[in-house]
Amino acid sequence: MKKEKILVIGACGQIGVELTLALRKIYGGSNVVASDLREENDLLKGTGPYVSIDVMNKEMLHVQVIRQNITQVYLLAAILSATGEKNPPLAWHLNTQSLLNVLDIAKEEKLSKVYWPSSIAVFGPTSPKENCPQQTIIEPTTVYGISKYAGEFWCNYFYHRYGVDVRSIRYPGLISYKSAPGGGTTDYAIEIYHEAKEKKKYTSFLEADTKLPMMYMPDAIRATIELMEAPADKLTVRTSYNLAAMSFSPKEIAGSIQKSIPEFQITYKPDYRQQIANSWPQSIDDAQARVDWGWKHEYDLDKMTQDMLQNI
Ligand code: NAD
Ligand code: SER
């Protein structure tokens, strides 16, 4: 078992629950402290320690890091794209201040590593739509995207200026069944599976042909752990790595579901999230992650559909 003591902040969210459980398998339950503003998620109960932490309270966070002898932090607390547009100042404040709090404490306590996710939302309408490269025009138009892009450069700054080993991935839309999504534009691709099983029909808030980059949660969790375990000298990107697995539209995911549930019907009623989706690339070039730390995805659309429909 590896000698690290990990703090996961935002452990009760869509990614946090599964990442915490995966880290506990590797490092041992008692060496991974889960924390959140919310009550402990049922799936985490009995698998390791849980503390209530508001990441915006820097002093309390610092006390916990010292008290629990933390050596690594995974910061997952954030407000996602769709919810962010409802309260831009709050999204900016939480998404950037939480990161600055963690990076400052990491610097002071000389933590061995920090993980902080960025998103495909850093890209905007002027970025290439297809195979969007690691380095390209980046002009985000959502507050979420702006906060992620600023965050990427804070990570880069703390790495180069203070030697904080902070690592990051620009996740695509993540699809999972274990814990509920937190208010993203890609959440339709989770809702659709639940409604397909329960009601055999779904009304999509994105148009039929809106293609977006997506990934199944097991791939995202494995990518995160592989990046964190990669030798530091292999990493050439200290802002955030592009990462990809698949791209599909509402029409295509519906087609994949119809292979198992032929009577499933989809209709379309686009709302304010359509504009957010229109600003993002349709596919991502993740060649740098594949070269630097050997990233390889496992799940395509049909493989994910089968697993989602079996497990929901
Ligand atoms: P989520 O909304 O499901 O979970 C976030 C968690 O943070 C929640 O449990 C929430 O209670 C907690 N939180 C909020 N404010 C907090 C605070 N002040 N102190 C402590 N905890 C707080 O989000 P998620 O989908 O799990 O995303 C995690 C990270 O991954 C975020 O940075 C997000 O931007 C990024 N990301 C997610 C996706 C995706 O599709 N889910 C895609 C790209 C990037
Ligand atoms: N899935 C996320 C969102 O839609 C992308 O970061 O907000």
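Attention in this report is confined to the structure presented alongside it. Just so we're clear, the structure is a prediction, and the values are computed from it rather than from any experiment.

## Details of the packing of aromatic side chains
Tallied over the full model, the rule gives 12 aromatic pairs. Each ring, one from Tyr74 and one from Tyr115, has its centre 5.6 Å from the other, and the planes form 40°; the classification is tilted. Within this pair, whereas Tyr74 is found in strand E4 (residues 72–75), its partner Tyr115 is found in strand E5 (residues 113–115), the two being separated by 41 residues in sequence. The class for Tyr74 is buried, based on a relative accessible area of 1%. Given the relative accessible area of 0%, Tyr115 is considered buried. Three or more aromatic residues link up through ring pairs in this structure, and these residues are Trp154, Tyr157, Phe158 and Tyr162.

## Quick look at the site of ligand 2
In the region of ligand 2, the neighbouring residues are Leu80, Ser81, Ser119, Tyr144, Gly173, Gly184, Thr185, Thr186 and Trp280. In this structure, an oxygen atom belonging to ligand 2 sits 2.6 Å away from a side-chain N or O atom of Ser81. With respect to ligand 2, the side chain of Thr186 contributes an N or O atom lying 2.6 Å from a nitrogen atom. A total of 230 Å² of accessible area belongs to ligand 2 in isolation, and the protein chains cover 93% of it. Among the residues making up the shell around ligand 2, the classes are represented as 3 nonpolar, 6 polar and no charged.

## Digging into the site of ligand 1
Neighbouring residues of ligand 1: 27 residues in total, closest Gln14, Asp36, Asp54, Tyr144 and Lys148. One nitrogen or oxygen atom from the main chain of Ile53 is found 3.5 Å from a nitrogen atom belonging to ligand 1. Interatomic distance of 2.5 Å between a side-chain N/O atom of Tyr144 and an oxygen atom of ligand 1. When isolated, ligand 1 has an accessible area of 830 Å², and the protein chains bury 93% of it. Among the secondary structure elements, those contributing two or more residues to the shell around ligand 1 are helix H1 (14–27), strand E6 (118–119), helix H5 (143–162) and strand E9 (173–175).

What counts, and where the lines are drawn
Residues numbered from 1 in each chain as written. Chains lettered and ligands numbered in written order. Predicted model: local features only at pLDDT ≥ 70, side-chain atom pairs only at ≥ 80, totals over all residues. Heavy atoms only, no water. Phe/Tyr/Trp six-rings, centres within 6.5 Å; stacked < 30°, edge-to-face > 60°. Helix = DSSP H or I, 4+ residues; strand = E, 2+ residues; numbered from the N terminus. Buried < 20%, exposed > 50% of the residue type's maximum accessible area, 1.4 Å probe, protein only. Near = heavy atom within 4 Å. Polar contact = N/O pair within 3.5 Å; in protein donor to acceptor, adjacent residues only side chain to side chain. Areas by Shrake-Rupley, 256 points an atom, 1.4 Å probe, with all protein chains shown as cover. Nonpolar A, V, L, I, M, F, W, Y, C, P; charged D, E, K, R; others polar.

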